[in-house]
Amino acid sequence: MQTVLRCIDCGKSYPSDQAFVTCPACGGLLDVEHDLDALRGAVSHELFDQRLGSWDRLDRSGVWRYRELVLPDLPAETYVTRGEGNTTLYDATPRLGDYAGVRKLQLKHEGENPTGSFKDRGMAGGVTQARRVGAHSVICASTGNTSASMASYAAISGLQALVLFPEGYVSLGKIAQSVAYGATNVQVHGDFDDTLAIVRAAAESLPVYLLNSINPFRLEGQKTIIIEMLHQRGWRVPDWIVVPGGNLGNSSAFGKALMELKTLGLIDRMPRLAIVQAEGANPLYRSFVDGSATLTPVKAQTIATAIRIGNPASFAKAWRTLEWTDGVVTEVSDQAIMDAKAQVDAAGIGCEPASAASVAGVRRLVDEGVIAPGDEVVGILTGHVLKDPDAVLKYHSKALDGLTSTFANTMHTIPASLDALKALIPA
Ligand SMILES: *Cc1c(COP(=O)(O)O)cnc(C)c1O
Ligand SMILES: [Zn+2]
């Protein structure tokens, strides 16, 4: 057997070199299913270590270093890469650890990817597949980071990028990137969920390849957040991995990565996954509390625009992840998100609002006794601080509607005098 596409609903399988991204028979989500028996002999800790010492463009990529587990056996020139991944796994400062409530907190900063979010790992996978199937145009609906990433990866691959935004809800840093990288940018009167519906219809009737996170090749790329993090930890599994959840592509990818690594014997146990949603965009949290595997969409509202999603496309795969990892779901308020962000930022690490949901989620789960203060916790920071400069400046100038700027770092204005400056320096 080799790598195939398999429907998670009806079980039908298809060759992997297809341009459809959902099951043609039933419309279900597809998995990229690898031949794990064949892979058992082909991958090892040593192989991945060896590639760390190589300048080969695929070995240098934090996605393609693990290509056997992502999208194996393509001609080397088909693989698209910007050298994505290789992101820092920070030890939180003691102060940030205190804030979160755990002694051993690490933060994997996916904002350090080429366009500033983890979406680059997914696009390395998705745009590679687009080239493999001979696409000329790629399309996505985006809360921002997907568009920035797709626009860039399409440009380096010579493809047209068609980006549809929900009007008025995308942050400055992200739209600017998509425009800069030469995408065809379209604002849609509607929210993200409306926009995704149009894009899915377009992918069925127009000659465009769909690159939203229902695309299973994107999830394969995003699995490497987990693989690389475990590699960085010498394959020592933490007690908890904590990730923000919007459309739930990442949560889905993480579960699949962990299941495969465990099956292959590359890790010896499963960590628990905690998915953190914004209170105003919490459909998975609601299902989790009800213990119900069905999705009831909500009208989404949160300052964390990257997770402002009410009808998550990968719900079914995220549910599977919760089962595989004995996972939990929590929700946090915009206030908690922005305060946690101020703490991550002030630690010198920095992240965009959605990312800080990880840290806010750890804090809440420790408060509730779900995470113990002595547990080893890895939080995922999904995007870069400069993605949303507006949120930073408004928080610190106390100009966010309805929110308190608990940790405001206010700007000083002084006369042009040394004495006035002196007053600002601790003796
Ligand atoms: C896309 C994105 C998310 C949400 O990830 P999902 O896979 O949709 O759950 C969170 N944070 C940032 C910064 C993102 O760009
Ligand atoms: Zn099916």
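Before reading on, note that the structure itself is shown above.
Model, not experiment: these values are computed from the prediction. (Residues numbered from 1 in each chain as written. Chains lettered and ligands numbered in written order. Predicted model: local features only at pLDDT ≥ 70, side-chain atom pairs only at ≥ 80, totals over all residues. Heavy atoms only, no water.)

Student: Before we go on, may I ask you to explain the coordination of the zinc ion (ligand 2) in this structure?
Tutor: Put simply, the ideal angle at a metal is 109.5 degrees for four donors in tetrahedral geometry and 90 or 180 degrees for six donors in octahedral geometry. Around the zinc ion (ligand 2), the protein contributes the donor atoms Cys7 (SG), Cys10 (SG), Cys23 (SG) and Cys26 (SG), which lie 2.3 to 2.4 Å from the metal centre. Around the zinc ion (ligand 2) sit four donor atoms, and with donor-metal-donor angles ranging over 98 to 118° the site reads as tetrahedral. Take cysteine 26: its relative accessible area is 40%, and that puts it in the partly exposed class. (Donors = N, O, S within 2.8 Å, 3.2 Å for Na, K, Ca; no water. Tetrahedral: all angles 85-135°; square planar, octahedral: opposite > 155°, others 65-115°. Buried < 20%, exposed > 50% of the residue type's maximum accessible area, 1.4 Å probe, protein only.)

Student: Just checking my understanding: could you explain the sheet that holds strand E2 (residues 13–15) for this structure?
Tutor: Strands belonging to one sheet form pairs held by backbone hydrogen bonds; the direction of such a pair is parallel or antiparallel. Across the sheet, which stays open at both edges, the three strands sit in the order E2-E1-E3 with antiparallel pairing between neighbours. Each of the sheet's edge strands pairs with one partner strand only, and the pair in question is E2 and strand E3 (30–33). When the angles between neighbouring strand axes are averaged without regard to direction, this sheet yields 30°. Across four bridges, the pairing between strand E1 (residues 4–7) and E3 is antiparallel. Within E3, the residue paired with cysteine 7 across the bridge is leucine 30. (Pairing = 2+ DSSP bridges. Helix = DSSP H or I, 4+ residues; strand = E, 2+ residues; numbered from the N terminus. Axes fitted to C-alpha atoms, helices over the stretch in contact; angles between N-to-C directions.)

Student: Is there a simple way to think about the packing of aromatic side chains in this case?
Tutor: The description of an aromatic ring pair rests on the distance of the ring centres and on the angle between the ring planes. One pass over the structure, following the stated rule, counts six aromatic pairs. Judged by centre distance (5.2 Å) and plane angle (75°), the rings of tyrosine 14 and phenylalanine 20 are edge-to-face. Ring centres of phenylalanine 48 and tryptophan 235 lie 6.2 Å apart, and the angle between their planes is 35°; on these two criteria the pair is classed as tilted. Taken as a pair, phenylalanine 48 in helix H2 (residues 45–52) and tryptophan 235 in the loop between helix H9 (216–232) and strand E10 (240–244) lie far apart in primary sequence, 187 residues in all. Taking the relative accessible area as the measure of exposure, tryptophan 235 reaches 10% and is therefore buried. Here a set of aromatic residues connected by ring pairs shows up, and it is made of Phe48, Tyr66 and Trp235. Lying over the aromatic face of tryptophan 55, arginine 60 brings its terminal NZ or CZ to 4.5 Å of the ring centre. Positioned over the ring face of tyrosine 99 is arginine 363, at 4.1 Å from the centre of the ring. (Phe/Tyr/Trp six-rings, centres within 6.5 Å; stacked < 30°, edge-to-face > 60°. Lys NZ or Arg CZ within 6 Å of the ring centre and 35° of its normal.)

So yeah, pure geometry; function would need other evidence.
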